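What follows is the residue order along each chain.
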Amino acid sequence: MKQFTIVANWKMHFGPTEAVSYTKKLKAKIVDHKSVTVVLAAPSIDLVAIDKPAIRGHLLLGAQDLNAKDEGANTGEISGPMVRQVAEYVIVGHSERRRDQKETDKQIAAKLAAAVRNDLKPILCVGEKLADRTNGHSTAVVVDQVTAALHGVTADDIKDLQIAYEPVWAIGTGEFCPPEHLSPVVDAIRHTVEHLYGEEASSRLSILYGGSVDPDNASAYLAVEGVTGLLVGGASLNAESFGSIVRAAQDEALK
Ligand code: PGA
């Protein structure tokens, strides 16, 4: 039976109060999801507030970013050891941070190393811009991003790695990325990991899709060979629609 991972990326939405009531609503909506690991990538302040007994089994927490250093004079930053006290996963290299915080491939590699050093499961985001796609460079751009981000980590370090393929032009735009666009990129990601770390590491690798995922298109993305989950932004802000995506994944896993 297949096993999927569905990640809610809340971005900068919800304070602790809303986070607690969302989690309660979501739990009521997704009673039986044994084949789906659900990760709430919440703002750091919410990770502390969400009721710990609510978070167990197949419902887990993730942070949206971390600093590459474990401690220091870095006002406003959150480190791996801090995140590890409250969450299991961490998103690294989201395209909004690449764009707005000007995160470079080198910084992203350092953050990924910090995540594994602190026993966090990294969700590495990669994806091409519209111009790359138009020029037919989607795969090349993604392969470069993956290679750069993995610089300095070992096969053992990446045993819990998830790579989220998120075409930048499809994020938050409602722009539908045809599922058939995914296959060559997903294959290229897996081949890159195989080339760097061997077959076992690549067969273990989890590859998520993200970009305007909603309850209507979730199944089509999950049906693409090699896709093992989804990273959901906008549609995760409503517990009802996110719950529907989780249920769609559970159904897809049983097919
Ligand atoms: P979206 O965001 O689902 O709103 O497109 C996805 C993401 O940014 O991870």
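Residues numbered from 1 in each chain as written. Predicted model: local features only at pLDDT ≥ 70, side-chain atom pairs only at ≥ 80, totals over all residues. Heavy atoms only, no water.

With their axes 8 Å apart at the nearest point, helix α5 (residues 105–117) and helix α7 (residues 138–149) run at an angle of 50° to one another. By the criterion of interaxial angle, the relationship of α5 to α7 is oblique. For the pair α5 and α7, contact is made by Asp105, Ile108, Ala109 and Leu112 and by Gln145, Ala148 and Ala149, respectively. Residues belonging to the contact of α5 with α7 are distributed by class as follows: five nonpolar, one polar and one charged. (Axes fitted to C-alpha atoms, helices over the stretch in contact; angles between N-to-C directions. Helix = DSSP H or I, 4+ residues; strand = E, 2+ residues; numbered from the N terminus. Parallel < 35°, antiparallel > 145°, perpendicular 65-115°, else oblique. Contact = heavy atoms within 4.5 Å. Nonpolar A, V, L, I, M, F, W, Y, C, P; charged D, E, K, R; others polar.)

A few words on the sheet that holds strand β2 (residues 36–41). The strand order around the closed barrel formed by eight strands is β1-β2-β3-β4-β5-β6-β7-β8, and the pairing between neighbours is parallel. Direction aside, neighbouring strands of the sheet carry axes that sit 25° apart on average. As paired strands, strand β5 (residues 121–126) and strand β6 (residues 162–165) are joined by four bridges and run parallel to one another. Looking at the pairing, leucine 124 lines up with isoleucine 163 of β6. Relative to β2, helix α1 (residues 16–29) is tilted by about 165°, and along the sheet it contacts β2 and β3 (59–63). Those strands touched by α5 are β4 (89–92) and β5, and its axis lies near 160° from that of β5. (Pairing = 2+ DSSP bridges.)

Examined against the element boundaries, histidine 94 turns out to sit in the loop between β4 and α4 (95–100). With residues near it in sequence (within four places) discarded, histidine 94 still touches Asn9, Lys11, Cys125 and Glu166.

Before going further, it helps to spend a moment on the pattern of salt bridges. Scanning the model with the defined rule gives 13 salt bridges in all. Note that lysine 29 and glutamate 240 form a salt bridge whose closest N and O atoms lie 3.6 Å from each other. Residue lysine 29 is found in helix α1, and its partner glutamate 240 is found in helix α11 (residues 239–254); the two are separated by 211 residues along the sequence. Since its relative accessible area comes to 19%, lysine 29 is described here as buried. One salt bridge connects aspartate 100 with arginine 99, and the closest N-O pair in it is separated by 2.7 Å. (Salt bridge = Lys/Arg side-chain N within 4 Å of Asp/Glu carboxyl O. Buried < 20%, exposed > 50% of the residue type's maximum accessible area, 1.4 Å probe, protein only.)

This part takes up the site of the ligand. Near the ligand lie 14 residues; those nearest to it are Lys11, His94, Glu166, Gly172 and Ser212. Between an oxygen atom of the ligand and a main-chain N or O atom of serine 212, the distance comes to 2.7 Å. Glycine 233 is positioned such that a nitrogen or oxygen atom in its backbone is 2.9 Å from an oxygen atom of the ligand. For the shell around the ligand, a count of residues per class yields five nonpolar, seven polar and two charged. (Near = heavy atom within 4 Å. Polar contact = N/O pair within 3.5 Å; in protein donor to acceptor, adjacent residues only side chain to side chain.)

The subject of this paragraph is the environment of leucine 47. Along the chain, leucine 47 turns up in helix α2 (residues 44–49). On a C-alpha basis, the gap between leucine 47 and lysine 2 in space is 28 Å, while along the polypeptide they are 45 residues apart. Apart from the residues lying within four places of it in its own chain, the contact partners of leucine 47 are Leu40, Ala42, Lys52, Leu61, Gly62, Ala63, Val86 and Ala87.

Across soluble globular proteins, nonpolar side chains have a tendency to be buried as a group. If you look at the biggest cluster of nonpolar residues, it comprises 67 residues, and the most contacted ones within it are Ile6, Ile189, Tyr209, Leu230 and Phe242. Formed by 11 residues, the second largest nonpolar core is a distinct cluster that contains Val39, Ala41, Leu60 and Leu231. (Core = buried A, V, L, I, M, F, W, Y, C linked by side-chain atoms within 4.5 Å.)

It is worth spelling out the packing of aromatic side chains at this point. Applying the stated criterion across every chain, the model contains six aromatic pairs. Centre to centre, the rings of tryptophan 10 and tyrosine 22 are 4.7 Å apart; their planes meet at 65°, and the pair counts as edge-to-face. Within this pair, whereas tryptophan 10 is found in the loop between β1 (4–9) and α1, its partner tyrosine 22 is found in helix α1, the two being separated by 12 residues in sequence. Assessed through its relative accessible area of 4%, tyrosine 22 is described here as buried. Between phenylalanine 14 and tyrosine 22, the aromatic rings sit 5.5 Å apart at their centres with planes inclined by 45°, giving tilted as the arrangement. A residue is classified by how much of its surface remains accessible, and phenylalanine 14, at 26% relative accessible area, is partly exposed. Taken together through their ring pairs, the aromatic side chains of Tyr165, Phe176, Tyr209 and Tyr221 make up a single cluster. (Phe/Tyr/Trp six-rings, centres within 6.5 Å; stacked < 30°, edge-to-face > 60°.)

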